[in-house]
Amino acid sequence: MGTVGTALLELRTAQKSAKGVSLYSRFVNRPVGRYLAAGAHGLRLTPNQVTLISAAFSFAAVAAVAVGEPSWGTGLAVWIGLAVGFAFDSADGQLARLRGSGSAAGEWLDHVVDCAKITALHAAVLISFYRHPGHFGVRDVAWLLVPIGFQFVAVVTFFGGLLTEKLTPRPAPGSPAATPSTLRAVALLPVDHGVFCLVFLLLGAGGGFRWAYTALGAAGALFLLAFLTKWFRELSAVRR
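Residues numbered from 1 in each chain as written. Predicted model: local features only at pLDDT ≥ 70, side-chain atom pairs only at ≥ 80, totals over all residues. Heavy atoms only, no water.

Things to note about the overall build of the protein chain
Operational definition: Counting from the N terminus, the helices are the DSSP runs of H or I reaching at least four residues and the strands are the DSSP runs of E reaching at least two. Think of it in three bands: residues with accessible area under 20% of the maximum for their type are buried, residues over 50% are exposed, and the middle band is partly exposed, with areas taken using a 1.4 Å probe on protein chains only. Whether two residues touch is decided by their heavy atoms; if any such pair falls within 4.5 Å, the residues are in contact. The method behind every accessible area is Shrake-Rupley, applied with a 1.4 Å probe, and residues are considered shielded solely by the protein chains displayed.
On a plain count of helices and strands, the protein chain comes out with ten helices and zero strands. Taken from N to C terminus, the helices and strands of the protein chain fall in the order α-α-α-α-α-α-α-α-α-α. Each of the 240 residues in the protein chain was classed as buried or not, and the buried ones make up 40%. At a minimum sequence separation of 6, the contacts of the protein chain that also span at least 24 residues come to 82%. Accessible area for the protein chain stands at about 12800 Å²; split by element, carbon and sulfur atoms hold 69% of it.

And the structure:
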């Protein structure tokens with residue numbers, strides 16, 4: 001227990017910047033991930049093992065969406081799997097910083113799992129719409145374009161953000177950390193993965209889920225346009 005407590009204290013000072021992070025990730029996912037990282041440290045798990053635990057929870061939820069019967073119970077189970085997987089996704093990086101064992105291979109594995117999870121989750125929604133059109137009120141095949149479009153938006157946002165982070169010069173050592181904006185943290189809630197996971201609690205609502213999912217997809221598309229403009233403008237000032 002002492003080891004876990006010590007790890008928690010050390011993790012409090014080993015957090016990434018909260019700049020550009022939504023309220024959910026800042027005040028829910030990262031704190032939960034901190035406890036999971038401390039527990040994983042006590043169990044002598046490696047960051048890569050924690051990444052695989054995250055993948056196991058996430059892909060079990062994805063499978064439930066694709067092959068399960070859409071219901072309130074299934075939706076609850078899917079949300080739990082996705083939320084726990086997301087928390088472990090935060091824990092692997094925190095554990096790596098705690099152990100001082102971060103590696104290029106570990107970062108690669110983390111990003112590959114994230115990309116696969118995003119792609120598979122929207123594909124699973126597409127499959128569920130196709131298998132249960134009556135439940136979701138999918139009376140026109142055009143509705144099947146919604147998860148395809150949402151998948152496109154999510155993948156481009158993920159890749160664009162990742163590439164922007166890699167191409168942006170790191171601040172000089174000793175530079176003051178940027179102060180996180182509460183307003184920005186609130187504004188980013190519609191495109192936070194943790195908030196997106198909540199929509200699956202409506203899986204039993206049929207048409208309610210379809211409309212909530214579509215609304216988040218539309219919000220994601222608008223944010224993507226804003227992100228792409230911002231990222232391109234910022235990188236235009238970078239000379240390589």
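Considering the nonpolar core
Convention followed: Nonpolar cores were defined as sets of buried Ala, Val, Leu, Ile, Met, Phe, Trp, Tyr and Cys residues, with membership established by side-chain atoms within 4.5 Å.
Counting residues in hydrophobic clusters, the biggest one holds 23 residues, and the most contacted among them are Leu82, Val125, Phe129, Phe196, Phe200 and Phe209. For this core, the secondary structure elements donating two or more residues are helix H3 (47–67), helix H4 (72–99), helix H5 (104–131), helix H9 (193–198) and helix H10 (207–236). The next biggest cluster of nonpolar side chains, apart from the first, holds seven residues, and it includes Ala37, Ala40, Val50 and Leu98.

Structural notes on the packing of H3 against H4
Here is the rule we go by: Only the contacting stretch of a helix is used when fitting its axis, a line to C-alpha atoms as for every element, and angles between N-to-C directions run 0 to 180 degrees. Oblique is the label for every angle not falling under 35 degrees (roughly parallel), over 145 degrees (roughly antiparallel), or within 65 to 115 degrees (roughly perpendicular). Should the near helix be turned anticlockwise from the far one by less than a right angle, the crossing is termed left-handed; should it be turned clockwise, right-handed.
Between H3 and H4, whose axes approach to 8 Å, the crossing angle comes to 165 degrees. Regarding the angle of H3 to H4, the classification is roughly antiparallel. As H3 packs across H4, the resulting crossing turns out to be left-handed.

What about unusual backbone geometry?
Of note in this structure, Arg44 is not a glycine but carries a positive phi near 60 degrees. Its location among the elements puts Arg44 in the loop between helix H2 (23–42) and H3. The exposed category is assigned to Arg44, whose relative accessible area is 71%.

Topic: a nonpolar patch on the surface
Under the convention used in this document: Without a salt bridge and with relative accessible area above 30%, a residue can belong to a patch; like charges are then joined within 9 Å and nonpolar side chains (Val, Leu, Ile, Met, Phe, Trp, Tyr) within 5 Å. Salt-bridge detection follows one rule: a side-chain nitrogen of Lys or Arg within 4 Å of a carboxyl oxygen of Asp or Glu.
A cluster of nonpolar residues, Phe27, Val28 and Val32, forms a patch on the protein surface that exposes about 260 Å² of accessible area. By the secondary structure assignment, Phe27 is in helix H2. Judged by relative accessible area, which is 53%, Phe27 ranks as exposed.

A word on H4
Rules: Helix span, as expected, comes to 1.5 Å for every residue beyond the first.
In a regular helix each residue adds 1.5 Å, so 28 residues correspond to 40 Å; H4 covers 40 Å between its end C-alpha atoms and thus fits that length. One or two steps after H4, the chain reaches Gly100, where phi turns positive at roughly 65 degrees.

Concerning the environment of Leu183
Among the structural elements, Leu183 can be located in helix H8 (residues 182–187). Sequence spacing of Leu183 and Ser22 is 161 residues, and the spatial spacing of their C-alpha atoms is 9.3 Å.

Comments concerning the pattern of salt bridges
Side chains that differ in sign of charge can pair as their charged atoms come close. Taken as a whole and judged by the stated rule, the model has three salt bridges. Two residues, Glu107 and Lys166, come together in a salt bridge whose shortest N-O distance is 2.5 Å. Of this pair, Glu107 sits in helix H5 while Lys166 sits in helix H7 (residues 145–167); the two residues are 59 residues apart in sequence, bridging distant segments of the chain. The class of Glu107 is partly exposed, set by a relative accessible area of 35%.

Focus: the side chain of Asp192
Let me state the cut-off plainly: Charge convention: Lys and Arg are scored as positive, Asp and Glu as negative, and His as well as the terminal groups of each chain are ignored. Contacts described as polar in this section are N or O atom pairs within 3.5 Å, which, within protein, must combine one atom able to donate a hydrogen with one able to accept it, while residues neighboring in sequence count only if both atoms come from side chains.
By the secondary structure assignment, Asp192 is in the loop between H8 and H9. Lacking a salt bridge, the buried Asp192 has Arg30 as its closest oppositely charged neighbour, with an N-O distance of 8.5 Å. At a separation of 2.5 Å, a polar atom in the side chain of Asp192 contacts the side chain of Ser22. Beyond its immediate chain neighbours, meaning those up to four positions away, Asp192 contacts Ser22, Tyr24, Ser25 and Phe86.

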